[in-house]
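Geometric and topological summary
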Amino acid sequence: MTGEQAQAERFAELFRAVYLTFHRRDQPRSELHGASRSVLEHLALAGPLTIGEAAAHMCRAQSVISEIVTHLERDGLLERQSDPGDRRRTLIWLTPAGHEALRRDREVLGVDLLARAMARLPPGQADALNAAMRALIEGAQSDGVRPYGGESHDHDLQL
């Protein structure tokens, strides 16, 4: 086993321990149902779309996407708006509450718990930890690895 392999295995063990220590415990992991989350995530990544475009992108029947959109609109997470380029088209887009619901849904770790633990670290160690993790992610991205195994997009993680 190479030194790099041993380091990678040790990091994987530590990452698992970090996740198990700091994962969110304040509420269920997601308030969003799978189909609703998928529509919100897709819109957040693709931008405002018509229901037909969203259905085509997601390979779902237009009626299915329409029903999900109606539910999300009723919950205040999506809104319909006229396309500024073509007033005949109606676009669907996330409301501020929709963006917030996605932000909460994506929050895997308990930030308050992490902040308390980081406050106990020696000065500069939290910054060094964050810088090392950023460098690790950038190293993977320079090899073409992207978040969630996808392709590079403008919505990739902001480091």
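Owing to the predicted nature of the structure, the values given are computational and were not obtained by experimental measurement. (Residues numbered from 1 in each chain as written. Predicted model: local features only at pLDDT ≥ 70, side-chain atom pairs only at ≥ 80, totals over all residues. Heavy atoms only, no water.)

Comments concerning the pattern of salt bridges
Here is the rule we go by: Throughout this description, the term salt bridge denotes a Lys or Arg side-chain nitrogen within 4 Å of a carboxyl oxygen of Asp or Glu. The helix count covers DSSP runs of H or I at least four residues long, the strand count covers runs of E at least two residues long, and both are numbered beginning at the N terminus.
The full count for this structure, using the stated rule, is ten salt bridges. Across the pair Asp105 and Arg37 runs a salt bridge, and its minimum N-O distance is 2.9 Å. With Asp105 in helix 5 (residues 96-106) and Arg37 in helix 2 (residues 34-46), this residue pair connects regions lying 68 residues apart in the sequence.

A look at helix 4 (residues 62-74)
Put simply, the rule reads: Expected helix span is given by 1.5 Å per residue-to-residue step, counting one fewer step than there are residues. Buried residues are those whose accessible area, probed at 1.4 Å on protein chains only, stays under 20% of the maximum for their type, while exposed residues exceed 50% and partly exposed ones sit between those limits. Working definition: the arc comes from the directions between the helix axis and the C-beta atoms, pointing outward to the latter. In what follows, residue pairs with any heavy atoms lying within 4.5 Å of each other are defined as contacts.
With 13 residues, helix 4 ought to run about 18 Å at 1.5 Å a step, and its terminal C-alpha atoms sit 18 Å apart, in line with that. Here helix 4 has its buried residues at Ile65, Ile68, Val69 and Leu72. Mapping the buried residues of helix 4 onto a view down its axis gives an arc of 100 degrees, with all of them on the same face. Exposed and oriented more than 90 degrees from the buried face of helix 4 are Ser63, Glu67 and Arg74. Contact partners of the buried residues in helix 4: helix 2, helix 3 (51-58), strand 1 (78-83) and strand 2 (86-94). Looking at the residues trailing helix 4, positive phi occurs at Gly76, about 80 degrees.

Examining the pairing of strand 1
This is how the line gets drawn: Note on pairing: DSSP must find at least two bridges between two strands before they are called paired.
As defined by bridge partners, strand 1 adjoins strand 2 across six bridges and the pair is classed as antiparallel. Bridge assignment links Ser82 to a residue of strand 2, and that residue is Thr90. Counting the residues in the hairpin turn of strand 1 and strand 2 gives two residues.

Side note on the confidence of the model for the protein chain
Interpretation of this model should avoid reading the predicted coordinates in detail wherever pLDDT is low. Short version of the rule: A score from 0 to 100, pLDDT tells how confident the predictor is in each residue.
Scored by pLDDT, the protein chain has a mean of 88; 89% of the residues are at 70 or more. By mean pLDDT, the top-scoring element of the protein chain is helix 4 (96), and the lowest-scoring one is helix 5 (90). Within the model, the stretch residues 149-156 combines pLDDT values under 50 with six contacts to residues more than four positions away or in other chains.

Details of the packing of helix 2 against helix 4
What counts here: Axis definition: a line fitted to C-alpha atoms, over the contacting stretch in the case of helices. Angles run 0 to 180 degrees between N-to-C directions. These descriptions rest on fixed angle ranges, namely under 35 degrees for roughly parallel, over 145 for roughly antiparallel, 65 to 115 for roughly perpendicular, and the rest for oblique. Residues are sorted three ways: Asp, Glu, Lys and Arg are charged, Ala, Val, Leu, Ile, Met, Phe, Trp, Tyr, Cys and Pro are nonpolar, and all the rest, Gly among them, are polar.
Across the interface, helix 2 lies against helix 4 with an axial gap of 10 Å and an inter-helix angle of 90 degrees. Here helix 4 runs roughly perpendicular to helix 2, going by the angle between their axes. Residues Ala35, Ser36, Val39 and Leu40 of helix 2 form the contact with helix 4, whose participating residues are Ile65, Ile68, Val69, His71 and Leu72. Broken down by class, the residue content of the contact of helix 2 with helix 4 amounts to seven nonpolar, two polar and no charged.

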